[in-house]
Structure formats: C-alpha cells, structure tokens
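# Reading the structure
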Amino acid sequence: MINQIIQYLFRKPASLYRSGLRLLGILLIGSAFMACTQERQPCLTPKIASLNLRFVHFAADSAIALNSFSDTGLPKAVFTAITDSGNRSVIYTSPSAYFTISLSPVADSCKWLVLADSASLLTAASFDTMSFYYKRKLQFLSNACGYTDFYAIDSVHTTKNHVDSVIITNTSVTNDVNTKHLKIYMHPGF
C-alpha cells in the first residue's frame, strides 16, 4: 500500500508538470493575441461632407429692397442624382426650405434633378437640373475617423424652370453640418 502511494505521488507531479506546461503555453499564446488587438476610439466626427441648400423667394413687392427674401418651403421635394450607374432619389415628404445633398467623390462634377413638388403634374417644365462643378480634396479627420473628401465649389449651372438664380454663399464643403453653401432663388410665380 505504501508502495502504491509512493508511485502515485511520483507519477502525479510529472503529469501535473506536463499539464501545467500546457496550461502555461495556452495562457502565453492567449495573452499574445490579446496584446495584439487594439481598442480603437469611436469616430464622433461627421465623415460625410454634404452640400446644404437653402431655397428662398424674392419679396412679392418689387418696391422692397433686393435683399428682402423669404424662405421657400418646397412641398414634397424630390432630388435625383443623375449618375452613370443610374439615378438615385432623395424624397422629402414634408415641406422644407433646407435640403442636403451629396457631391460625387469620384468626379469633379455632378448633376441633380430637382422636382419642387412631387404631388404636382409631372411635365418637363416641372423639373430643374442643377450641375455642380467643384474640386475634391482628400482630408484626414482623425485616427478613429480616417479620411474623407472635402470640396471647393467652382460654379453651379441650372435650368430656369422654377429656379431664378443660385448664389454660392460658402464655397468650402466640409463636414460642418451647420454651414449653408447655396442660396437658391425660386421664380416669384412658384
């Protein structure tokens, strides 16, 4: 019996020693993997640079100063990006004078079709086409956010069905969501 206990004691440490080496190896490999993973900070900055539009009317009375205008709420406006790969629309279901659209990150111009009221009778005169010409600039935001495109607007060309004129109020299109870039004057009859 004592002989069996002595054999058991001498056997157990050897198997424990091997088990301990295995456990230590697993822990070292696991800690190496954990040390390699980086915990990234979340990106809290807007990454998309959007073009912010404001639609306005001149005052109805022409005797009032030229600087007199009021916001024009476009009822159920539809903005459609015309691209080589097809058209993509943004539909606004409630009246608004402020809209946001995107510029192309792969070209130096883009074209949008604007329908001021999707509930109205659709004819060719219902739409206005707006072409935007700009320069792209790759901008580093942060380690967490990476890079995005900023734009510098050169010019805007538009048809004159409902749009009277366009004024560029800020040429720099960045990720600042509060900046208005274009003031679009609608015909008084709209």
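Each value, and the rule that gives it
Residues numbered from 1 in each chain as written. Predicted model: local features only at pLDDT ≥ 70, side-chain atom pairs only at ≥ 80, totals over all residues. Heavy atoms only, no water. Salt bridge = Lys/Arg side-chain N within 4 Å of Asp/Glu carboxyl O. Helix = DSSP H or I, 4+ residues; strand = E, 2+ residues; numbered from the N terminus. Buried < 20%, exposed > 50% of the residue type's maximum accessible area, 1.4 Å probe, protein only. Pairing = 2+ DSSP bridges. Core = buried A, V, L, I, M, F, W, Y, C linked by side-chain atoms within 4.5 Å. Contact = heavy atoms within 4.5 Å. Phe/Tyr/Trp six-rings, centres within 6.5 Å; stacked < 30°, edge-to-face > 60°.

## Here we look at the pattern of salt bridges
Under the criterion given, the structure shown has two salt bridges. In this structure, the salt-bridge partner of D108 is R136, at a minimum N-O distance of 2.9 Å. Of this pair, D108 sits in the loop between β5 (98-102) and β6 (109-115) while R136 sits in strand β7 (residues 127-142), and the two are 28 residues apart along the sequence. With relative accessibility at 41%, the residue D108 sits in the partly exposed group. Looking at R136, the relative accessible area reads 36%, which means it is partly exposed. Between D154 and K135 there is a salt bridge; the shortest N-O distance is 3.2 Å. Of this pair, D154 sits in strand β8 (residues 146-158) while K135 sits in strand β7, placing them 19 residues apart in sequence. Judged by relative accessible area, which is 43%, D154 ranks as partly exposed.

## What about the sheet that holds strand β4 (residues 86-91)?
Ordered in space as β4-β3-β6-β7-β8-β10, the six strands form an open sheet in which the pairing is antiparallel. Two strands lie at the open edges of the sheet, namely β4 and β10 (172-173), each paired on one side alone. Note: strand β3 (residues 78-83) against β4, six bridges, orientation antiparallel. Each residue of the ladder has a partner; that of V78, found in β4, is I91.

## Structural notes on the nonpolar core
In a soluble, globular protein the nonpolar side chains are often hidden away together inside. Ranked by size, the top nonpolar core spans 27 residues in total, and within it L51, L53, F55, F79, L103, F132 and I184 carry the most contacts. Where this core is concerned, the elements lending two or more residues are β1 (50-58), β3, β5, β6, β7, β8 and β11 (182-186). By residue number, the principal contributor to this core is β8, which donates four residues. F132 has contacts with L51, I101, L103, D108, S109, C110, W112, S155, V156 and L182, leaving out every residue within four places of it along the chain.

## Things to note about the pairing of β7
Relative to β7, β6 runs antiparallel, the two sharing seven bridges. Considered in β7, the bridge of K111 is made with S131. Inspection of the sheet shows β7 paired to β8 by 12 bridges, in the antiparallel sense. Residue K135 lies in a different strand from β8, and its bridge partner there is A152. The turn joining β7 and β8, which pair antiparallel and follow one another in sequence, is formed by three residues.

## Thoughts on the packing of aromatic side chains
Going through the model one piece at a time under the given rule, you end up with seven aromatic pairs. Between the aromatic rings of F55 and F79, the centroid separation amounts to 6.2 Å while the plane-to-plane angle is 55 degrees, which identifies the pairing as tilted. Note that F55 is positioned in strand β1 and F79 in strand β3, a separation of 24 residues in sequence. Ring pairs connect the aromatic residues F55, F79, Y92 and F99, which therefore count as one cluster.

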